Amino acid sequence: MKQGLISWLLILLGNSAPVFSSGTPLTHGAHVHGEAVMNIVLDGNSLFIELDSPLINLVGFEHAPNDEEQVSALLKAEKTLASADRLFHFATTKCSLENVEIEMPYSKNHADTNHPHPPEMHHEHADLHANYVFQCEQAKDLTAISVNLFSLFPDLQEIKAQWIFQGKQGAASLTASHPTLSVN
């Protein structure tokens, strides 16, 4: 439902960039290794952040895990992504995590027993999709969001961020040397 709210807000505000799907991992245009997409919407005191990234940026591979080391890499990435307080820091206000949903391909939490993956999928692209919902005390005072994904996932080189805050919208490219999204 919150994913739908973000989609409608982006559409209503005339954003021509790709918007969210309904529950499945996204491919925003081309699946590009090293790049991720982040969509951020502030609605009242609720802050919604959606992250989509090729799995290779986070664990170093895009296929079903072949050994315990790869299983461990998936679990570690999923646990890290669930720790939103490590991922995002908010300037000039306090935002508390209300909900997080992570769709991590090949993880135990994402197993689909009704549709087993055929062996040929080992050469397919796999994407991570994560949704975060925060409640902010003084949301109108939020001016910047620092994104710490680059230090936690060194294969991630760029995040293409789109945002909507209080009737304003914008886009920015975040990198390890410029990981802060300013929303003024």
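Here the structure is shown first, and the text comes after it.
Throughout what follows, the structure given in this document is the object of discussion. (Residues numbered from 1 in each chain as written. Predicted model: local features only at pLDDT ≥ 70, side-chain atom pairs only at ≥ 80, totals over all residues. Heavy atoms only, no water.)

### Thoughts on the sheet that holds strand 6 (residues 144-147)
(1) Moving on: Taken in spatial order, the three strands line up as 3-6-9 in an open sheet, and their pairing is antiparallel. Two strands close off the open sheet at either side, each with one partner strand: strand 3 (88-90) and strand 9 (180-182). Each adjacent strand pair in this sheet contributes to an overall mean axis angle of 20 degrees, direction not counted.
(2) Moving on: In the sheet, strand 3 pairs with strand 6 via three bridges, with the strands oriented antiparallel. From the neighbouring strand, Phe90 faces strand 6, where its bridge partner is Ile145. (Pairing = 2+ DSSP bridges. Helix = DSSP H or I, 4+ residues; strand = E, 2+ residues; numbered from the N terminus. Axes fitted to C-alpha atoms, helices over the stretch in contact; angles between N-to-C directions.)

### Describing unusual backbone geometry
(1) Moving on: Even without being glycine, Thr92 reaches a positive phi, approximately 65 degrees.
(2) Moving on: You can see Thr92 is positioned in the loop between strand 3 and strand 4 (95-103).
(3) Moving on: For Gln166, which is not a glycine, the phi torsion comes out positive at approximately 45 degrees.
(4) Moving on: Here Gln166 lies in the loop between strand 7 (158-165) and strand 8 (168-174).

### Topic: the environment of Ser72
(1) Moving on: Locating Ser72 in the fold gives a position in helix 3 (residues 68-82).
(2) Moving on: Considered as a pair, Ser72 and Val59 are 13 residues apart in the sequence and their alpha carbons are 9.4 Å apart.

### Comments concerning the packing of aromatic side chains
Here a ring pair, both rings aromatic, is described through the centre-centre distance and the interplanar angle of the planes.
(1) Moving on: Applying the stated rule across the entire model yields four aromatic pairs.
(2) Moving on: Here Phe88 and Phe134 contribute two aromatic rings whose centre-to-centre distance is 6.0 Å and whose plane-to-plane angle is 85 degrees, an arrangement assigned as edge-to-face. Of this pair, Phe88 sits in strand 3 while Phe134 sits in strand 5 (residues 127-136), placing them 46 residues apart in sequence. Taken as a pair, Phe88 and Phe134 share a single burial class, namely buried.
(3) Moving on: Between Phe90 and Phe134, the ring centres sit 4.9 Å apart and the planes meet at 70 degrees, which makes this aromatic pair edge-to-face. Separated by 44 residues along the polypeptide, Phe90 in strand 3 and Phe134 in strand 5 bring together distant segments of the chain.
(4) Moving on: Here Phe134 falls in the buried class, since its relative accessible area comes to 3%.
(5) Moving on: Put simply, the rings of Phe88, Phe90, Tyr132 and Phe134 touch in pairs and so form one group of aromatic residues. (Phe/Tyr/Trp six-rings, centres within 6.5 Å; stacked < 30°, edge-to-face > 60°. Buried < 20%, exposed > 50% of the residue type's maximum accessible area, 1.4 Å probe, protein only.)

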